[in-house]
Structures are given as C-alpha cells and as structure tokens.
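# Per-entry structural report
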Amino acid sequence: MRASSPTRIKSTASLPETEERSSWILHHPSALHNLEQIISASRGKQIVMFLDYDGTLSPIVQDPDRAFMSREMREVVKDVARYFPTAIVTGRCRDKVYSFVRLAELYYAGSHGMDIKAPSKHSKCHRGNKTVIFQAGTEFLPMINEVYKVLVNKTSSIPGAKVENNKFCLSVHFRCVEEKRWAALAEQVKEVLSAYPQLKLTQGRKVFEIRPTIKWDKGKALEFLLESLGYANSNDILPVYIGDDQTDEDAFKVLRDRGQGFGILVSKVAKKTNAAYSLQEPSEVKEFLRQLVVEWKRLSSLQGGQYIGRAHM
C-alpha cells in the first residue's frame, strides 16, 4: 500500500537528479521542455484535450471535498476549451467535479468515464454528436448505494477514513488515516466486497477505488468521446491526455496502442507508465496548457489560421 501511495513532496523544487530519475526522464521527458515537439506533431491536426482532475488540475489535499482548482487554472482550462475540444475524465462523481470546475463548455466524464455528459455551452471547435449523454452500468447503482452505506458503517472505527459516493463507483480515502491502520482498513474493505463479486477493488494514491466489473475505464471513455466528436477513425487529430493516477494508465495505453497523440503523467516520482511525457505537479500542468494555447495562437496567426486542423476554419 505504501509503495503505491507515495507521499506527496511538499517542495516545488525539482527532484534531485538521481540515476533512477534521470533514466526515467529520458523515457518520459518533460512536456514543458518538449512543447515545440508536441506542437510540431499537431501541425495540420486538431488537438483534443483530456484532463484528469485531482492531482492534475487541483492539488492532492487531505479533504477530498476541498480539492478546489485555482482561479488561474480555471482561466487556463477555459482558454484551452476555446480552441480544442476538452474533457475532464475523473473518478469523481460528474456533478461533484462540475461543481469544482464550473465550466459549461467542457465534456465531463465522471466515475472513471462511466457517466459522460456533453457541454451545455458549445465552442467553435466542437463537432459531431453534441447531445451525447452516456452512462455505463446503471444496473449497478442500487448495489453501489448499498455498499456505500455498509462501508461507511464498517470503516467508522478507523479515524480519518472517508468513503465517497461517486455515483457509479466508490472511493475509500485513507490519506488522513495513520499508516499503521492502513492494512486494517484494507481488510475491512475487502471483507465487505467479498459479498459483492460484481464489484472490483483497485488502489490509487491513498485511495481504494470500487467499481463494477464491466469492461469500461478511462481508456474506453477516451475512445467514446473521440467517436462522439466525430474523430473515431480520423488521422487528423492529436489527442492529449494528462493525468496523475493509476486509473489514467488505461487512457495512456489507448493512445500508445493507437499510435496517436500523447499521454502525459503528472508525477514527481519515477514509476512505470504508458505515458510519453511527464509533468511534476498541477502548476506545471497549468503552465504547459497556457504555453500550448499561446504557441498555437501564435503559429495559427502566422499561417492565416490554418496551422492546426480544419475545425477552426
């Protein structure tokens, strides 16, 4: 549990260039330092942006109900959505993450992509089915609610444990639990789930994720959104997915297998990933997105608005 839940490094300074870190960076270089390369790959194509929320657009915090994004980050994401179709893909309940982001021009894919809604406000870069609403596993909702109540009662004996109902899935947070109680909490969660074989347990950053055992994840959500946008079989797009957690690996793998676009892992520690690039923390995500838009606008203006794709013509 400890290995898969690394302690967040509080300093914003770069990590010491250990041999392991240096080797990892060679394979997953900074997206900020390689912005020119990413922009070059987007020439003649439509960028489509996918963003995780916690740990990507907002910092990881002790209380998940207070994972607010900064005003500056909101303005940057709003600017991104003005030029590129943009989706938030998160394990959070869709309504919950919308209450944090509050941008009507985005796609929102909550519950690890099992609950998807199109923008209520459209920008010029959106095309395809603009009324898309998709929900996977609605038959599991009564079970999810039942397990939520059982887990809240079961874990109440462990101080700091917090069970979050994300509608189509559940999260059991243990960021505020003493490390010596982690194993006991894990056993409690497993004991409850043993009575529900239709649900599966995975682990993220100091959180247990409980989802239906259906073949749906953030990678499937990415593919669904591309199809809904009218880009299912298009070679004229560059999907970019930015995320920090294990559940984002499904989306990174989809992009790698498609040979199209880039996954960007947000992490200060070296770890196995399908992402092509890396960023260290949300502040770097903000700067990467800001520079991406600035550079795109600059190059587009130099070439009469025809630098990237036909969707903006």
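The coordinates are above.
Notes on the structure follow. The numbers attached to residues start from 1 for each chain and follow its sequence in the written order. The predicted nature of this model means local features are confined to residues of pLDDT at least 70 and side-chain atom pairs, given and counted, to a pLDDT of 80 or more, with totals for whole chains, interfaces and linings taken over all residues. Hydrogens and water are ignored here; the side-chain numbers use all heavy atoms of the structure.

The next subject is the sheet that holds strand β12 (residues 277–279). Sheet architecture is open: eight strands sit in the order β5-β4-β3-β2-β1-β10-β11-β12, paired in mixed fashion. The outermost strands of the open sheet, each flanked by one partner alone, are β5 (133–135) and β12. Across this sheet, the average inter-strand angle for adjacent strands is 15°, counted without regard to direction. By definition, two strands form a pair when at least two bridges between them are found by DSSP. A run of H or I in DSSP counts as a helix once it spans at least four residues, and a run of E counts as a strand once it spans at least two, with each numbered from the N terminus. Taken together, the six bridges between strand β1 (residues 46–51) and strand β10 (residues 237–243) define a ladder with parallel strand orientation. Bridging across to β10, Phe50 finds its partner in Tyr241. Helix α9 (residues 282–302) rests against β1, β10, β11 (262–266) and β12 of the sheet, and its axis sits at about 165° to β1. Note on geometry: axes are C-alpha line fits, over the in-contact stretch for helices, and angles between N-to-C directions span 0 to 180 degrees. Should any heavy atoms of two residues lie within 4.5 Å, those residues are considered in contact.

Side chains of residues three or four places apart in an α-helix project in the same direction, reflecting 3.6 residues per turn. A helix is expected to reach a length of 1.5 Å times the quantity of its residues less one. The end-to-end C-alpha distance of helix α3 (residues 71–83), which contains 13 residues, comes to 19 Å, matching closely the 18 Å that a straight helix rising 1.5 Å per residue would cover. The classification of residues rests on relative accessible area computed with a 1.4 Å probe and restricted to protein chains. Under 20% of the type maximum is buried, over 50% is exposed, and intermediate values are partly exposed. The set of residues buried in α3 consists of Met73, Arg74, Val76, Val77, Asp79, Val80, Ala81 and Tyr83.

Attention shifts here to the packing of aromatic side chains. Aromatic rings from Phe, Tyr and Trp, with only the six-membered ring used for Trp, were paired whenever their centres fell within 6.5 Å, and each pair was classed as stacked if the ring planes differed by under 30 degrees, edge-to-face if by over 60, and tilted otherwise. Under the counting rule described, the total for this entry stands at 13 aromatic pairs. Measuring from centroid to centroid gives 5.5 Å for Tyr53 and Phe100, while their planes differ by 5°, and the two rings are stacked. Separated by 47 residues along the polypeptide, Tyr53 in the loop between β1 and α3 and Phe100 in helix α4 (residues 94–101) bring together distant segments of the chain. Among the aromatic residues, those joined into a cluster by ring pairs are Phe50, Tyr241 and Phe252.

Turning our eyes to something else, we now look at the nonpolar core. Working definition of a nonpolar core: buried Ala, Val, Leu, Ile, Met, Phe, Trp, Tyr and Cys residues. They are joined through side-chain atoms within 4.5 Å. One finds Met49, Tyr53, Leu57, Val77, Ile242, Phe288 and Leu289 to be the most contacted residues of the largest nonpolar core, which totals 41 residues. Elements with a contribution of two residues or more to this core: α2 (35–41), β1, α3, α4, β10, β11, β12 and α9. Ranked by the residues each element gives to this core, the list is headed by α9, at seven residues. What Met49 contacts, discounting residues up to four positions off in sequence, is Val80, Pro85, Thr86, Ala87, Val240, Ile242, Leu289 and Leu292. Membership of the second largest hydrophobic core comes to 29 residues, among which are Val89, Tyr107, Leu225 and Ala251.

The next thing to look at is helix α5 (residues 141–154). With 14 residues, α5 should cover 20 Å at 1.5 Å per step; its first-to-last C-alpha distance of 20 Å lies within 8% of that length. Turning to α5, its buried residues number three or more, namely Met143, Ile144, Val147 and Leu151. Considered in projection along α5, the buried side chains sweep an arc of 95° and stay on one side of the axis. Turned more than 90 degrees away from the buried face of α5 sit Pro142, Lys149 and Asn153, all of them exposed. The inward-facing, buried residues of α5 contact β6 (162–165), β7 (170–173), α6 (182–193), β8 (199–204) and β9 (207–212). Here the arc refers to the directions that run from the helix axis out to each C-beta atom.

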